[in-house]
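Listed here are the chains, written in short residue letters.
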Amino acid sequence: MFKGSITALVTPFKNGAVDEANVIELCERQISAGTHGVVPCGTTGESATLTFEEHMRVIELVVQCAGGRVPVIAGTGSNSTSVAIQNQARAKALGVDAGLVVAPYYNKPNAEGLYQHYKAINDAVDLPIIVYNVPGRTVVDIDVETVARIAGLSNVVGIKDATGDLARVSGHRRLLGEDFIQLSGDDPTALGFNASGGIGAISVTSNVAPQLCAQFQNATLEGDWDTARALNDRLTPLHHALFSSASPGPSKYAMSLLGVTGVEMRLPLTAPGEASQRAVREAMVIAGLLDRP
């Protein structure tokens, strides 16, 4: 169920509030473009600045829009285990297919604390869990051995690995076999990730270029590496440009150039500067999304 191009959806705002109509439009745009799945309220969705009510409303809207056409993996993680359980339970009630559960940030738990965090969520809510390892944001890394231990829990089905360390893929395969779902959380290394045994990516870039990202993932899944490499060449400048300023600022700017959403974000995030905007525009030209002025 969880493979291919899975978009970490941005959350659109209008005058400080969630733009609910645009949430639905962006979800529909992804499905129409061939995206294989969607993630509301992940990091790219600015989940850290959403209230609980907003968070769950966005998930509800995306589930309704998807209508079973593609899987919905809702961001449900927290650095508080009890809050993560609350999020997971509510997301299940709303009809999601899995929860994306980030490693507890700020607290810096040890390996035992990480395991117990996921065990508590696993035992409290009967819903598939995708572990999310992004040490650049959480300041804690879930090493391969700890992932293997967590994967022994009944509801843990896979991982979103945003370390950029391609050796992790083989390490997870060695300890967990081929059935453990491995999704990249790092667009620039998604080609190598899939070549090493991954089966998809939870992508930021697919907000901007959903059709290209879906075509790229389809090529890797079909073993058509020549096509995958050609698409990756077009997408790589965009992958980097979308992180030339604090994400999702560059993504929202790029999407505004396509006329699909606005650039509004919530503090402490602010709009990307001119240098970032130039990089985004140039990368979009290379990808074939914009004409050169």
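Residues numbered from 1 in each chain as written. Predicted model: local features only at pLDDT ≥ 70, side-chain atom pairs only at ≥ 80, totals over all residues. Heavy atoms only, no water.

A word on the pattern of salt bridges. A complete count under the given rule lists 14 salt bridges for this structure. A salt bridge links R69 to E28, with the shortest nitrogen-to-oxygen separation between them at 2.8 Å. Here R69, found in the loop between α2 (52-66) and β5 (73-75), pairs with E28, found in helix α1 (residues 20-32); they are 41 residues apart in sequence, far enough to count as distant. The salt bridge involving D226 is made with R229; its shortest N-O contact spans 2.6 Å. You can see D226 and its partner R229 sitting in helix α10 (residues 225-241), three residues apart, about one turn around the helix. Accessibility expressed as a relative area gives 57% for D226, which makes it exposed. Through salt bridges with shared partners, a single ionic network connects E20, R57 and E60. (Salt bridge = Lys/Arg side-chain N within 4 Å of Asp/Glu carboxyl O. Helix = DSSP H or I, 4+ residues; strand = E, 2+ residues; numbered from the N terminus. Buried < 20%, exposed > 50% of the residue type's maximum accessible area, 1.4 Å probe, protein only.)

Turning to the pairing of strand β9 (residues 181-184), a few remarks are in order. Side chains I181 and L183 of β9 all project onto a buried face; the interleaved residues Q182 and S184 project onto the opposite face, where all are buried too. The pairing of strand β8 (residues 156-161) with β9 spans four bridges and is classified as parallel. Bridge pairing in β9 places K160 opposite L183. Handedness of the crossover joining β8 and β9 through helix α7 (residues 167-176) is recorded here as right-handed. (Pairing = 2+ DSSP bridges. Right-handed = clockwise from strand over helix to strand, strands pointing away.)

As a packed pair, helix α3 (residues 81-94) and helix α4 (residues 111-124) sit with axes 9 Å apart at the nearest point and diverge in direction by 35°. Two packed elements cross with a definite hand, and for α3 against α4 that hand is right-handed. Within the contact between the two elements, α3 uses T81, A84, I85 and Q88 and α4 uses H117, A120, I121 and A124. For the contact of α3 with α4, the class distribution of residues is five nonpolar, three polar and no charged. (Axes fitted to C-alpha atoms, helices over the stretch in contact; angles between N-to-C directions. Left-handed = near helix turned anticlockwise from the far one by under 90°. Contact = heavy atoms within 4.5 Å. Nonpolar A, V, L, I, M, F, W, Y, C, P; charged D, E, K, R; others polar.)

Orientation of helix α11 (residues 249-257) relative to helix α12 (residues 274-287), taken along the N-to-C sense of each, is 55°, at an axis distance of 10 Å. The angle between α11 and α12 places the two elements in the oblique class. At the point where α11 passes α12, the crossing takes the right-handed sense. On α12, the residues touching P250, Y253, A254 and L257 of α11 are S276, Q277, V280, R281 and M284. Split by residue class, the contact of α11 with α12 holds six nonpolar, two polar and one charged. (Parallel < 35°, antiparallel > 145°, perpendicular 65-115°, else oblique.)

Let us now look at the nonpolar core. Formed by 25 residues in total, the largest nonpolar core has its most connected members in I59, V62, V72 and V96. Contributions of two or more residues to this core are made by α1, α2 and α3. It is α2 that provides the largest number of residues to this core, a total of eight residues. Leaving out residues up to four positions away in the same chain, V72 has contacts with V38, P40, V62, V63, A66, V96, D97 and A98. (Core = buried A, V, L, I, M, F, W, Y, C linked by side-chain atoms within 4.5 Å.)

Note that the residue after S247, namely P248, is joined by a cis bond; omega there is 10°. Note on placement: P248 falls in the loop between α10 and α11. With an omega dihedral of 15°, the bond running from L267 to P268 counts as a cis peptide bond. With respect to the secondary-structure elements, P268 resides in the loop between α11 and α12. Non-glycine residue C41 carries a positive phi angle of around 65°. You can see C41 is positioned in the loop between β4 (37-39) and α2. On the accessibility criterion, C41 (2% relative accessible area) is buried. Despite not being glycine, E46 shows a phi value in the positive range, around 55°. Mapping E46 onto the fold places it in the loop between β4 and α2.

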